Amino acid sequence: MLKLGIVGLPNVGKSTLFNALTAAKAEAANYPFCTVDPNVGMVEVPDPRLDKLAEIVQPKRTVPAAVQFVDIAGLVKGAAQGEGLGNKFLQNIRETDAIVHVIRCFEDPDVTHVMGDPDPARDKEIIELELALADLAQVEKRLDKVKRAARANDKEALLELPPLERANAALSEGTPLWRAGLSADDFASLAGLQLLTAKPVLYAANVTDAELAGEEGPLLAALRKAVVDGGENAQIVPFSAKIEAELSELSPEERTEFLASLGIDSAGLDRLILAGYELLGLQTYFTAGEQEVRAWTIHKGDSAPAAAGVIHTDFERGFIRAETAGYDDFVSHGGWKGAKEKGVVRSEGKEYLVRDGDVLLFRFNV
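Residues numbered from 1 in each chain as written. Predicted model: local features only at pLDDT ≥ 70, side-chain atom pairs only at ≥ 80, totals over all residues. Heavy atoms only, no water.

A.B. asks: Just give me the short version of the overall build of the protein, but keep the residues and values in it.
C.D. replies: Scanning the protein for helices and strands turns up 15 helices and 12 strands. A globule of 366 residues ought to have a C-alpha radius of gyration of about 21 Å, and the protein, at 23 Å, matches this closely. Referenced to the eigenvectors of the C-alpha coordinate spread, the extents of the protein come out at roughly 65 × 65 × 35 Å. Relative to its 366 residues, the protein shows a buried fraction of 50%. Counted over contacts in the protein with a minimum sequence separation of 6, partners at least 24 positions apart contribute 69%. Surface exposure of the protein reaches about 17500 Å², of which carbon and sulfur atoms provide 49%. Distance between charge centroids for the protein: 7 Å, based on 39 positive and 57 negative side chains. (Helix = DSSP H or I, 4+ residues; strand = E, 2+ residues; numbered from the N terminus. Rg over C-alpha atoms; globule rule 2.2 N^0.38 Å. Buried < 20%, exposed > 50% of the residue type's maximum accessible area, 1.4 Å probe, protein only. Contact = heavy atoms within 4.5 Å. Areas by Shrake-Rupley, 256 points an atom, 1.4 Å probe, with all protein chains shown as cover. Lys, Arg positive; Asp, Glu negative; His and termini not counted. Charge placed at Lys NZ, Arg CZ, Asp CG, Glu CD.)

Set out below in structure tokens:
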């Protein structure tokens, strides 16, 4: 399951977005620190293919894939040293797969900004620094222990020491690890520390309703420039917290009509989840039987046994083969029976790399 941690300064639309995404109703007030406890919400991954499969198979239940959002108290300058409530709650997003950094890209005199006027580049830098300082504390603690072990010629410590020292040098300068030029091997060595700035990042730009459907404003342009100037290959997903809040109160049919009336193709939630999947190299496969039609999330390039293991470890351990049909073939031939009759169902072994949209039936023996 994809897990996304939401960070940002107070009053940038972070908790409003979280409420709209999850209907968890985390308090969203016009002052800092209103979200005191971490909020965790589950969101269904929108995928029209799942509805089509259910229409054909007519299962007893349909289960979409899910994304877990973790929302923490708004961070302020000095959060890593305990200012506000930030340092305590940064720990709550260490187990997420990626960070969604919400940045305010609109002017509104009725919504106070903790730093005065909105400035996306400055706001981005403040959060980056706080995350880097929080990581620095983790790295320094580990580095001290590893140095002692390395002096005793511990082989594992001697291997771990250089990546730790490189990370420490970058973080000491306030540089997030995603901009520190570390190697893939370095990141692999540091993985156990669950460092925040080693995680992929998405930017969610909270813009006005008009800007979402029309021309890009100067604040969003400033955020884009800051991301490019920082050397990041990060995606920016514009959204309107106000629109997302309104959408959360509507039925699916009403949502479609409302978005169309605004000239918007899709909700911010949908685009945020798709961006998260793209960022982490994720894809979806399906299982389709009389009991259940279900979407499963795996990484691109996963083998059939690895995909089976997402359902249950026994499926991967005892994997024999996977009966496989592409989504288009499955739908066009009306399900398993028709697909088999037309000869488009394949029997794939352990080396098969699952494709996005595959409909799979696993054969296993434990």
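A.B. asks: An account of the packing of helix α4 (residues 120–151) against helix α8 (residues 218–229) is needed here, citing residue identities and associated values.
C.D. replies: Packing of α4 against α8 leaves a shortest axis separation of 8 Å and a crossing angle of 45°. The angle between the axes of α4 and α8 places the two elements in the oblique class. For the pair formed by α4 and α8, the contact residues are Pro-120, Ala-121 and Lys-124 on the first element and Leu-219, Leu-223, Ala-226 and Val-227 on the second. (Axes fitted to C-alpha atoms, helices over the stretch in contact; angles between N-to-C directions. Parallel < 35°, antiparallel > 145°, perpendicular 65-115°, else oblique.)

A.B. asks: How would you sum up the environment of Asp-314? Please name residues and give values.
C.D. replies: With respect to the element layout, Asp-314 can be found in helix α13 (residues 313–317). Residues Asp-314 and Phe-364 lie 50 residues apart in sequence; the distance between their C-alpha atoms is 8.1 Å. When residues no more than four places from it in sequence are discounted, the contact partners of Asp-314 are Phe-364 and Val-366. At a separation of 2.6 Å, a polar atom in the side chain of Asp-314 contacts the side chain of Arg-317. (Polar contact = N/O pair within 3.5 Å; in protein donor to acceptor, adjacent residues only side chain to side chain.)

A.B. asks: Can you break down the sheet that holds strand β6 (residues 201–206) residue by residue, with the values?
C.D. replies: Pairing between the strands of a sheet comes from backbone hydrogen bonds, and it takes one of two forms, parallel or antiparallel. As summarised here, the arrangement of the six strands in space is β2-β4-β1-β5-β6-β7, forming an open sheet in which the pairing is mixed. With partners counted over all chains shown, the strands left at the sheet margins are β2 (39–44) and β7 (236–239), one partner each. Across the sheet, the axes of successive neighbouring strands diverge by a mean angle of 25°, strand direction being ignored. In the sheet, strand β1 (residues 2–7) pairs with strand β5 (residues 98–104) via four bridges, with the strands oriented parallel. Pairing of Leu-4 across the sheet is with Ala-98, part of β5. Set on the sheet, α4 makes contact with β1, β5 and β6; between it and β5 the angle comes to about 145°. Of the strands in this sheet, β5, β6 and β7 are in contact with α8, which crosses β7 at around 165°. (Pairing = 2+ DSSP bridges.)

A.B. asks: Outline the pattern of salt bridges, listing residues and values.
C.D. replies: For the structure on display, the rule yields 21 salt bridges. With a closest N to O distance of 2.7 Å, Lys-124 and Glu-232 form a salt bridge. Note that Lys-124 is positioned in helix α4 and Glu-232 in the loop between α8 and β7, a separation of 108 residues in sequence. Judged on exposure class, the residue Lys-124 and its partner Glu-232 are both buried. One salt bridge connects Arg-321 with Glu-323, and the closest N-O pair in it is separated by 2.7 Å. For Arg-321, a relative accessible area of 33% translates into the label partly exposed. Linked by salt bridges that have partners in common, Lys-124, Glu-128, Arg-179 and Glu-232 make up one network. (Salt bridge = Lys/Arg side-chain N within 4 Å of Asp/Glu carboxyl O.)

A.B. asks: Give a detailed account of the packing of aromatic side chains, specifying residues and quantitative values.
C.D. replies: Summed over the entire model, instances satisfying the criterion amount to five aromatic pairs. Seen in terms of ring centroids, Tyr-285 and Phe-362 are 6.0 Å apart; in terms of plane orientation they differ by 90°. Their pairing is edge-to-face. In this pair, Tyr-285 is assigned in strand β8 (residues 282–288) and Phe-362 in strand β12 (residues 359–364), connecting sequence segments 77 residues apart. In this pair, the class of Tyr-285 matches that of Phe-362, namely buried. (Phe/Tyr/Trp six-rings, centres within 6.5 Å; stacked < 30°, edge-to-face > 60°.)

A.B. asks: Provide a residue-level description of the confidence of the model for the protein, including the pertinent values.
C.D. replies: Model confidence for the protein is summarised by a mean pLDDT of 87, while 91% of its residues fall at 70 or above. Residue range residues 30–36 is modelled with pLDDT below 50. Its contacts to residues more than four positions away, or to other chains, number 22 contacts. (pLDDT = per-residue confidence, 0-100.)

A.B. asks: Account for the side chain of Asn-168, with residues named and values stated.
C.D. replies: Take Asn-168: it is sitting in helix α5 (residues 155–172). Residue class for Asn-168 comes out buried when judged on its relative accessible area of 17%. The residues touching Asn-168, leaving out its near neighbours within four places in the chain, are Leu-136, Val-139, Glu-140 and Leu-143.

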